[in-house]
Number of protein chains: 2
Amino acid sequence: MERQGEHEIAEGSAPRGRSAKSGHRPPQRRVTTATVIYDELYEAIVNMHLAPGTPLQEKALTQQFGVSKTPVREALIRLSEDGLVDIFPQSGTFVSHVPLSAIPEAQVIRLALEDTAIKRTAEIATVADIAQLDAKLASQRMLADIGDMDAFHAADEAFHEAIALIAGYPSIWKLLRQVKVQINRARRLTLPVAGRMHQVIGEHEIIREAIARHDVEAAREAMQSHLNVVIPDLARLRVAHPDYFV
Amino acid sequence: MERQGEHEIAEGSAPRGRSAKSGHRPPQRRVTTATVIYDELYEAIVNMHLAPGTPLQEKALTQQFGVSKTPVREALIRLSEDGLVDIFPQSGTFVSHVPLSAIPEAQVIRLALEDTAIKRTAEIATVADIAQLDAKLASQRMLADIGDMDAFHAADEAFHEAIALIAGYPSIWKLLRQVKVQINRARRLTLPVAGRMHQVIGEHEIIREAIARHDVEAAREAMQSHLNVVIPDLARLRVAHPDYFV
DNA sequence: CGGTTTTGACATACTAGTATCTTAGTGTAT
DNA sequence: ATACACTAAGATACTAGTATGTCAAAACCG
């Protein structure tokens, strides 16, 4: 009972080229069919709805999305640059396995970048900024109660994103997103334990307080220990899902 | 007198899929036509052989490279993700302007990542590693004497890459490459002053010595001041090349 | 004559089909 | 029985052509 048209893109409903005219030289935001497919597959892979090793055939995807090969192909290429799919030329394309060996380095990078961001945020955050953090925290609390893991993790990301943006470092956030991808995939294999989620929220609250007090060192330490806790027990995961990793 | 076939890719000469069979699951290295075009355009843009604002038409590029639209298109998409070209949907594609406003943040990121790398390198570098650094330094000295700017900058990159790799942080180097792109473009507008090149080499030598002594703090400070010097005088560049920046 | 509308050339986004490479399976010879 | 060569199926990489949106210049109207 395969519902091939499940993800079908409504024909002509996507207003692609959103009037990029304006003044002089506006940075373009391409909203193409390829982008839609990329986003959908990205979410599915990061949320582990598509298991590592799953084959992704161009032909099958064109049918599922109801489009031609080119946009599918572009989406797969971008995903391969993110390390989320492996393309074997003229052979096959598969959802990538989580590279355990790369996770320690990703963690080191993450520490360095988040430290840079929170240092600055703790220095310059305004009351409006704090209010914004509180809003994210509130929504994260609600999602933890509901137990919606996908949304909870998205809110978690949003909190860290907000810190980077308050610091005035949007590029740092883009890099972090890129670096954390494999870590997040591993995290998604941990069971949704309510206690763990509230623990994460508690750590976020400590960070928020330190920022509000403009206590740079306290904020850094709170972030540091938060990040060191967040990393999942890789050895255990590996045993539980042996063929998800390499 | 336009030599359209200048960059033409020799037909069938590129061994694309390099036997990715082997044991079980080898990470693939795609050597496709699209990759070749990407690399060539990448170098041309970063070395400022293609000025910001230059239009890059798919059609013209297909003729220059003697290939079809798809590989050209893929190369342009990848370049746009690197921030090296701006694609205006259904309108046109151009070599991007150097975003002056993003350079300070890039510098901050660079400092954080290079600091992480050199810290570890200074701790664990072996005599073989030091020898490798010396080799890079020697070639950089030679290229400075010759005055080959492109090669000199490539060797400069290689020195920093070596430090990251000795630390065991290949991903950090990948990120640095990505982050430094716009900084490098700005640097390329500085005139090839021999004194400046030898100054850079001198700073590299100080770093090398600190690593060899396993003096972590000295190495970090040397790197720090090296990176702070390397940044070009943006205000002056902007005056000299007003329409290369945004 | 100034401002608005229209129109058409043009560039990218997409569709469709072909070519090439990989790889597993089969058969044969050693 | 094992190792090698051949064959054929299948998937991506590429070619070629169509569709669609953009932008600017010309035409039109007030």
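Residues numbered from 1 in each chain as written. Chains lettered and ligands numbered in written order. Predicted model: local features only at pLDDT ≥ 70, side-chain atom pairs only at ≥ 80, totals over all residues. Heavy atoms only, no water.

Novice: Please clarify how the pairing of strand 2 (residues 92-95) of chain A should be interpreted in this entry.
Specialist: Consecutive residues of a regular strand have side chains that alternate between opposite faces of the sheet. Residues and elements named next belong to chain A. In this structure, strand 1 (residues 85-88) lies alongside strand 2, joined through four bridges in antiparallel fashion. Within the sheet, the bridge partner assigned to Ile87 lies in strand 2 and is Thr93. The turn linking strand 1 back onto strand 2 is made up of three residues, and Gln90 within it adopts a positive phi angle of 55 degrees. (Pairing = 2+ DSSP bridges. Helix = DSSP H or I, 4+ residues; strand = E, 2+ residues; numbered from the N terminus.)

Novice: When you look at the nonpolar core in this model, what are you seeing that I'm missing?
Specialist: Side chains that are nonpolar tend, in soluble globular proteins, to be buried together. If you look at the biggest cluster of nonpolar residues, it comprises 42 residues, and the most contacted ones within it are Ile109 and Leu113 of chain A together with Ile103, Ile109 and Leu113 of chain B. Going through the elements one at a time, helix 4 (103-124) and helix 7 (170-187) of chain A together with helix 4 (103-124), helix 7 (170-187) and helix 10 (234-240) of chain B are the ones with two or more residues in this core. Leaving out residues up to four positions away in the same chain, Leu113 of chain A has contacts with Ile172, Leu175 and Leu176 of chain A together with Ile109 and Leu113 of chain B. (Core = buried A, V, L, I, M, F, W, Y, C linked by side-chain atoms within 4.5 Å. Buried < 20%, exposed > 50% of the residue type's maximum accessible area, 1.4 Å probe, protein only. Contact = heavy atoms within 4.5 Å.)

Novice: I'm lost on the pattern of salt bridges in this one. Help?
Specialist: Where charged atoms of side chains with opposite charge meet at close range, the side chains can pair. Taken as a whole and assessed by the stated rule, the structure comprises 28 salt bridges over all chains. Between Glu74 of chain A and Arg73 of chain B there is a salt bridge; the shortest N-O distance is 2.7 Å. Highlighted residues: Glu74 of chain A in helix 3 (residues 69-81) and Arg73 of chain B in helix 3 (residues 69-81), drawn from two different chains. Glu157 of chain B is the salt-bridge partner of Lys180 of chain B, the closest N and O atoms lying 3.0 Å from each other. Remark: Glu157 of chain B occurs in helix 6 (residues 149-166) and Lys180 of chain B occurs in helix 7; sequence separation between them is 23 residues. Like Lys180 of chain B, the residue Glu157 of chain B is buried in the burial classification. Among the ionic contacts, a cluster of salt bridges with common partners joins Glu58 and Arg73 of chain A together with Glu74 of chain B. (Salt bridge = Lys/Arg side-chain N within 4 Å of Asp/Glu carboxyl O.)

Novice: What should I look at first to understand helix 1 (residues 33-46) of chain B in this one?
Specialist: Three or four residues apart is the spacing at which side chains of an α-helix point the same way, because the helix has 3.6 residues per turn. All names here are of chain B. Over its 14 residues, helix 1 runs 20 Å from end to end, which matches the ideal 20 Å to within 8%, given 1.5 Å per residue. Those residues of helix 1 that sit buried are Ala34, Thr35, Ile37, Tyr38, Leu41, Tyr42, Ala44, Ile45 and Val46. Of the surrounding elements, those touching the buried residues of helix 1 are helix 2 (58-65), helix 3, strand 1 (85-88), strand 2 (92-95) and helix 7. Looking one or two residues past helix 1, Met48 carries a phi angle of roughly 65 degrees, positive in sign. (Expected span 1.5 Å × (residues − 1).)

Novice: What am I meant to see in the environment of Asp145 of chain B here?
Specialist: All names here are of chain B. Structurally, the position occupied by Asp145 is in helix 5 (residues 127-146). Asp145 gets classed as exposed once you look at its relative accessible area, which sits at 59%. As a C-alpha pair, Asp145 and Ala194 span 49 residues in sequence and 7.8 Å in three-dimensional space.

Novice: It is not clear to me how the interface of chain B and chain A should be interpreted in this structure. Could you clarify?
Specialist: Often the size quoted for an interface is simply the accessible area lost on bringing the parts together. The partner chain A presents 31 residues to the 32 residues of chain B that form the contact. Summed over both sides, the interface between chain B and chain A buries roughly 3000 Å², with carbon and sulfur atoms accounting for 60% of that surface. Counting across the interface, chain B meets chain A through four salt bridges. The shortest N-O distance in the salt bridge between Arg78 of chain A and Glu81 of chain B comes to 3.1 Å. Scanning the region where chain B abuts chain A turns up nine residue pairs in polar contact (both at pLDDT 80 or more). Looking at the side of chain B that touches chain A, the elements that each hand over two or more residues are helix 3, strand 1, helix 4 and helix 7 of chain B. Take the side of chain B that touches chain A: its biggest share by element is seven residues, from helix 3 of chain B. (Buried area = accessible area lost by both parts, 1.4 Å probe. Polar contact = N/O pair within 3.5 Å; in protein donor to acceptor, adjacent residues only side chain to side chain.)

Novice: What am I meant to see in the confidence of the model for chain A here?
Specialist: Close inspection of predicted coordinates is inappropriate for parts of the model with low pLDDT. Residues and elements named next belong to chain A. Mean pLDDT for chain A: 85, with 86% of residues reaching 70 or above. Taken as a whole, residues 1-6 scores under 50 in pLDDT and shows three contacts with residues more than four places along the chain or in a different chain. Between residues 10-27, whose pLDDT stays under 50, and residues either more than four places distant or in other chains, the model counts eleven contacts. (pLDDT = per-residue confidence, 0-100.)

Novice: How should the relation of the copies chain B and chain A be read in this particular structure?
Specialist: Relating one copy of the chain to the other requires a rotation about an axis plus a shift along that axis. When chain B is brought onto chain A, the operation consists of a screw motion whose angular component is 180 degrees and whose axial shift is 0.0 Å, with 0.0 Å RMSD remaining. The transformation just described matches what one would write down for a two-fold rotation axis. Looking at the rotation axis and the C-alpha trace of chain B, the residue lying nearest is Ala112 of chain B, at 3.1 Å. Same-surface contact between copies: 94% of interface residues of chain B are shared with the interface of chain A. (Least-squares fit on C-alpha atoms with pLDDT ≥ 70 in both.)

Novice: Looking at this structure, I do not really get the packing of helix 1 of chain B against helix 7 of chain B. What am I missing?
Specialist: Relative placement of two packed helices is described by the angle separating their axes and the distance separating the axes. Residue and element names in this part refer to chain B. Their axes nearest at 9 Å, the elements helix 1 and helix 7 cross at an angle of 45 degrees. Taken as axis vectors, helix 1 and helix 7 run oblique relative to one another. For the pair formed by helix 1 and helix 7, the contact residues are Tyr42, Ile45 and Val46 on the first element and Arg177, Val181, Asn184 and Arg185 on the second. Per-class residue counts for the contact of helix 1 with helix 7 are four nonpolar, one polar and two charged. (Axes fitted to C-alpha atoms, helices over the stretch in contact; angles between N-to-C directions. Parallel < 35°, antiparallel > 145°, perpendicular 65-115°, else oblique. Nonpolar A, V, L, I, M, F, W, Y, C, P; charged D, E, K, R; others polar.)

Novice: What is the right way to look at the packing of aromatic side chains in this model?
Specialist: All names here are of chain A. Scanning all chains against the criterion turns up four aromatic pairs over all chains. Ring geometry for Tyr38 against Tyr42: centres 5.7 Å apart, planes inclined by 40 degrees, an arrangement best described as tilted. With Tyr38 and Tyr42 both in helix 1 (residues 33-46) and four residues apart, this pair spans about one turn of that helix. Each member of the pair Tyr38 and Tyr42 is classed as buried. (Phe/Tyr/Trp six-rings, centres within 6.5 Å; stacked < 30°, edge-to-face > 60°.)

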